[in-house]
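# Observations on the three-dimensional arrangement
For reference, the chains in residue letters:
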Amino acid sequence: MAKLKIPSFNKIVTTLGGWVGFTVLTVSIWVFASAYLSEYNNQDNTQHNTIFKKSSLFSTFKQDLNTFSETEVKQITNELNLINHGVFNSSTFRVVGSVELPRMGKIATDLFFESLPNELLDIPFPKDLAENTIPIIIPKNYLNLYNLGFSRSQGLPQVSPAIIKTLVFNLDLYGNNKHLQYKGKIAGFTTRYNTLLIPEKTLEILNQELSPTKKTNPVKIAIHYSQNQESAIYKTLDKRNIEIEENNSYFSYLQKTGTILLISISLLSFLIITLSGLLIISNMNSAIEKESTYISRCYEMGYHPKQLMRQFLRPSTIETITIVIPALVFSEILRLQFLRIMDNPWTFQPFAIATILTIGIGTLLWLFQIRKLKYELNKRFQ
Amino acid sequence: MEIQLSNISLAYTGTLLDNPTPLILNLGKNYIITSPSGTGKSTLIHLIYGLVRDYEGDYTLNNKETRTLTIEEWSQLRTSVLSIVFQGFRLIMESTVLENIVLKNKLTSHVNLDEIEFYASQLNIETLLNKKVSELSFGQQQRVAILRSLCQPFKWLLLDEPFAHLDRENMQKALTLLTEKAQQNGAGIIISDTKTNLMLSNFIPIQLNTLNNG
């Protein structure tokens, strides 16, 4: 049988378009599936948040106005109808964290620790650490802030959550005319609180050791409540001039923007796939047109349209495979890059879904080609 | 596998056969359609082969009305029952002689390479097998078309002016090969020829309606 020649330029444009379209589509489906699965597995309908007193001119001069007394804590938490609550204890000594980096030297910064009862944490502290090592839970935002902002501006490498967890750094604690040296290790990343958390008992011991005379009332209370209580809680807090941390609304804004962006990108990828599908079909049609005499000769000889169809379908099938398989490989590479900078618990399942759907769309495109080819050939022999 | 034709007419050629009683063509017999140019000989051959389907009248093959046959059924008939040599040869010009033959033979694997070479030598084209068809003369192309028609099982061999470009010697050789193969298959031959040829005098004539001008 004759070999069908599709012009190289058409082939290149179709393949490149297909690669872009299918890669973007696979990644979009993957991100959607990740988001959906995360949401699906987080349906306990409760909310964790942090409350604190609103700042005022007076509180700037008199810091005690910002703190909660024991009685206040009791009153407020009773009023709010909470599932659980706990006050943030804070470190009352100086903390300096430092780390030696190759080619960068020593980087040191002042830190500030807080603690909460364990039952309010989303990440447990490890129990098997060495005695002189303090586990620290850091906000997930900090990692993102570093990876997406600081590291880029300073030309530093991006780090994955897994790498960060292996990092051991020095902690120098000063107070009460003492200098204690500890090692610090990241225990995990919290999405609930925007502070550095260490175990409650550790903080209590260190405060006792390094600032025994300094007693402070808490400035923040962690609250755990049912989502259907939310509006009532907001009203009560407002009346009492207490603020609730608004980081969730910022994330919800980001989430909405991200979703709109993702939908737009997905639609664009569909458009690209449709165009490259049309190009494959157009290539197929021009091949049929070009081999018109050959087709007629074969038909007159006794070849039936199905046999001819197989011959014409081969190049477009190869082209479809050449598009879909590399696109899946590109998506996997992108996924691995993404996982290096983001801690996503849904790593494989969404990608499997995305792969299956992409192969499904590729198959649909191929079936459409068969249908179109069948139509074109039958039209000639009716 | 007899062929029955009656009252065959087409919009663009007029009436080809004006016979209320069906014309019955039997297997094992050889027929010749002799009538002047433009009276529809090729059209009738094409009609029997299933390429002309917009006709009036009745055409049955093996007692089956051919109008109801599907494209696939016609393809099946063209690979096992009906073989043809077209007047215009209808070869693939940019392919070699052997590629043309193999393309046909692929459908049924009816003959092997030795047989192809044997038929080619019978037709004096054994040296042309690897040449492109476009490089051959009309006479050589005609013999390639004849060879191709033998590369399938058949019950009817339809020959549309098959010797128009052949000299007497090559015509004799081709006719001998075709009639021998038809006899071996128990097949019939339908040939159209404008020239009354003495070599075809034992063929049964089919008279077309000559009132048409084509």
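Residues numbered from 1 in each chain as written. Chains lettered and ligands numbered in written order. Predicted model: local features only at pLDDT ≥ 70, side-chain atom pairs only at ≥ 80, totals over all residues. Heavy atoms only, no water.

## Here's the deal with the packing of helix α9 (residues 292–301) of chain A against helix α2 (residues 71–80) of chain B
One can describe the packing of α9(A) onto α2(B) by two numbers: an axis separation of 8 Å at closest approach and a directional angle of 70°. Viewed along their axes, α9(A) and α2(B) adopt a mutual orientation that is roughly perpendicular. Along its contact with α9(A), which presents Y299(A), E300(A) and M301(A), the element α2(B) presents I71(B), S75(B) and R78(B). (Axes fitted to C-alpha atoms, helices over the stretch in contact; angles between N-to-C directions. Helix = DSSP H or I, 4+ residues; strand = E, 2+ residues; numbered from the N terminus. Parallel < 35°, antiparallel > 145°, perpendicular 65-115°, else oblique. Contact = heavy atoms within 4.5 Å.)

## Thoughts on the confidence of the model for chain B
When pLDDT is averaged along chain B, the result is 88, and 95% of the positions lie at 70 or above. With a pTM of 0.58, the predicted complex shows an ipTM of 0.88. (pLDDT = per-residue confidence, 0-100.)

## With respect to the pairing of strand β8 (residues 156–160) of chain B
Residue and element names in this part refer to chain B. Burial within β8 is extensive, with five of its five residues counted as buried. Every second residue of β8 is oriented toward a common face, with W156, L158 and D160 on one face and L157 and L159 on the other, all of them buried. As paired elements, strand β7 (residues 82–85) and β8 share four bridges and run parallel to each other. Within β8, the position partnered with V85 by the bridge is L159. Examined bridge by bridge, β8 and strand β9 (residues 188–192) share five bridges and lie parallel to one another. Looking at β9, one finds that L157 is bridged to I189. Assessed by its sense of winding, the connection that carries the chain from β8 through helix α6 (residues 168–185) to β9 is right-handed. (Buried < 20%, exposed > 50% of the residue type's maximum accessible area, 1.4 Å probe, protein only. Pairing = 2+ DSSP bridges. Right-handed = clockwise from strand over helix to strand, strands pointing away.)

## A short note on the confidence of the model for chain A
Confidence in the prediction for chain A averages 81 pLDDT; 86% of positions are at 70 or higher. Least confident of the elements in chain A is helix α2 (residues 57–61) of chain A, whose mean pLDDT is 59; most confident is strand β6 (residues 113–115) of chain A, at 94.

## Description of the interface of chain A and chain B
Each side of the interface is counted separately: chain A has 15 residues, and chain B has 17 residues. Carbon and sulfur atoms supply 60% of the area buried between chain A and chain B, which totals about 1500 Å² over both sides. Between chain A and chain B we count one salt bridge in total. R90(B) is paired through a salt bridge with E300(A); the nearest N and O atoms lie 2.9 Å apart. Listed by contribution, the elements that provide at least two residues to the side of chain A that touches chain B are α9, α10 (305–341) and α11 (349–381) of chain A. (Buried area = accessible area lost by both parts, 1.4 Å probe. Salt bridge = Lys/Arg side-chain N within 4 Å of Asp/Glu carboxyl O.)

## A few points about the sheet that holds β7(B)
Residue and element names in this part refer to chain B. Overall, parallel pairing links the five strands, which are arranged β7-β8-β9-β4-β10 in an open sheet. Each of the sheet's edge strands pairs with one partner strand only, and the pair in question is β7 and β10 (204–206). Each strand axis lies, on average, 20° off the axis of its neighbour in the sheet, ignoring direction. As defined by bridge partners, strand β4 (residues 30–33) adjoins β10 across three bridges and the pair is classed as parallel. If you follow I33 over to β10, its bridge partner there is I206.

## Observations concerning helix α1 (residues 41–49) of chain B
All names here are of chain B. With nine of its nine residues buried, α1 lies for the most part within the structure. Among the residues of α1, those classed as buried are K41, S42, T43, L44, I45, H46, L47, I48 and Y49. Where α1 ends, the next residue or the one after it, G50, has phi of about 90°, a positive value.

## Focus: the sheet that holds strand β11 (residues 220–226) of chain A
The strands that make up a sheet are held in pairs by hydrogen bonds between backbone atoms, and each pair lies either parallel or antiparallel. All names here are of chain A. Across the sheet, four strands lie side by side as β2-β11-β1-β12; this open sheet has antiparallel pairing. The open sheet has two edge strands, β2 (84–87) and β12 (242–244), and neither has a second partner. Each neighbouring strand pair of the sheet contributes to a mean axis angle of 25°, computed without reference to strand direction. Taken together, the four bridges between β2 and β11 define a ladder with antiparallel strand orientation. Directly across from N84, in β11, lies its bridge partner H224.

## Observations concerning the nonpolar core
Nonpolar side chains in soluble globular proteins tend to end up buried together. Residues and elements named next belong to chain B. Within the largest apolar cluster, 39 residues are counted, with the highest numbers of intra-cluster contacts made by I146, L147, F163 and I191. Put simply, the parts of the chain that give this core at least two residues each are α3 (97–105), α4 (113–122), α5 (138–149), β8, α6 and β9. Looking at this core element by element, the count peaks at six residues for α6. Not counting the four nearest positions on each side in its chain, L147 is found in contact with I101, I116, Y119, A120, L123 and I125. (Core = buried A, V, L, I, M, F, W, Y, C linked by side-chain atoms within 4.5 Å.)

## Overview of the environment of L262(A)
Positionally, L262(A) belongs in helix α8 (residues 247–290). For the pair formed by L262(A) and V27(A), sequence separation is 235 residues and the distance between their alpha carbons is 9.7 Å.

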